[in-house]
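# Residue-level structure breakdown
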Amino acid sequence: MGQPSVDRILDQLRGSGGRITSARRAVVAALVEPSDHRTAENLISLVQATCPDVAPSTVYRILESLEEIGVVVHVHLGHGAAVYHLSEASHAHLVCEDCGRVVEVPPDLAKSIADGIRDRLDFSVALRHFSITGRCRACEAKWSKARLRHADKRA
C-alpha cells in the first residue's frame, strides 16, 4: 500500500470534521517522514523547525485527535517515552531489557502470535500498541555467562 501522503491524511482528518491548520499540516508532514520510532518530543522539534510558534501542547492534542480517528497509534517501548507511528505502518516490537535494542516483529509472526492468543485464550490483542520485553541474543549470552560464573563460584 505504501506510505500515506500528507494530503490523504489531511483529507481523512477533514472528513472526520477536523480543520486543517498549519500546525496539523506540520505534524502530519513530520509523521509521514520516514523514521524509526518518533517520540512526541521528536515530533515537536520537527514541527517547531518549520512552525516555531506551535506549542508542544498543540502537538500533543493533534496526536491525540489523529489517534482518535485511527491515523496514528502510540506504542510504549519499555520504560521510555511512547513513540508514534502512522496506523498503516504500525507493527509489534521486541525490546531488550538490558541494552534497549528494539526489534520490529514481522507482520506474519505478529499475526501468528495474535491468532494463537485469540484461539487459545479467547482474547483479541492489539500487538501494535505495546512491546514485548526480554533480552536480545547478545545480552542473553552475557547473562548466561554471568550465571555460569556465579554458579561456578558457588560450587
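The structure under discussion appears in the preceding block.
What comes next is a walk through the structure. (Residues numbered from 1 in each chain as written. Predicted model: local features only at pLDDT ≥ 70, side-chain atom pairs only at ≥ 80, totals over all residues. Heavy atoms only, no water.)

### Considering the packing of aromatic side chains
Evaluated as defined, the whole model comprises 0 aromatic pairs. Just above the ring of W143 sits the side chain of R135; from NZ or CZ to the centre is 3.8 Å. (Phe/Tyr/Trp six-rings, centres within 6.5 Å; stacked < 30°, edge-to-face > 60°. Lys NZ or Arg CZ within 6 Å of the ring centre and 35° of its normal.)

### What about the nonpolar core?
Ranked by internal contacts, the top residues of the largest apolar core, which has 25 residues, are V27, L31, V59, L63 and L66. Where this core is concerned, the elements lending two or more residues are α1 (6-15), α2 (22-32), α3 (40-50), α4 (56-68) and β3 (83-86). The biggest single contributor to this core is α2, with 7 residues. In contact with L66, not counting residues within four places along its chain, are I9, L13, V27, V28, L31, V71 and V72. If you look at the next biggest cluster of nonpolar residues, it comprises 5 residues, including A92, A110, A114 and L127. (Core = buried A, V, L, I, M, F, W, Y, C linked by side-chain atoms within 4.5 Å. Buried < 20%, exposed > 50% of the residue type's maximum accessible area, 1.4 Å probe, protein only. Helix = DSSP H or I, 4+ residues; strand = E, 2+ residues; numbered from the N terminus. Contact = heavy atoms within 4.5 Å.)

### Concerning the packing of α2 against α4
Packing of α2 against α4 leaves a shortest axis separation of 10 Å and a crossing angle of 70°. As judged from the angle between their axes, α2 and α4 are roughly perpendicular. Considering the relative orientation of α2 and α4, their crossing is right-handed. Taken together, the residues of α4 that come into contact with α2 (itself represented by A23, R24, V27, V28 and L31) are T58, V59, I62, L63 and L66. Across the contact of α2 with α4, the residue classes break down as 8 nonpolar, 1 polar and 1 charged. (Axes fitted to C-alpha atoms, helices over the stretch in contact; angles between N-to-C directions. Parallel < 35°, antiparallel > 145°, perpendicular 65-115°, else oblique. Left-handed = near helix turned anticlockwise from the far one by under 90°. Nonpolar A, V, L, I, M, F, W, Y, C, P; charged D, E, K, R; others polar.)

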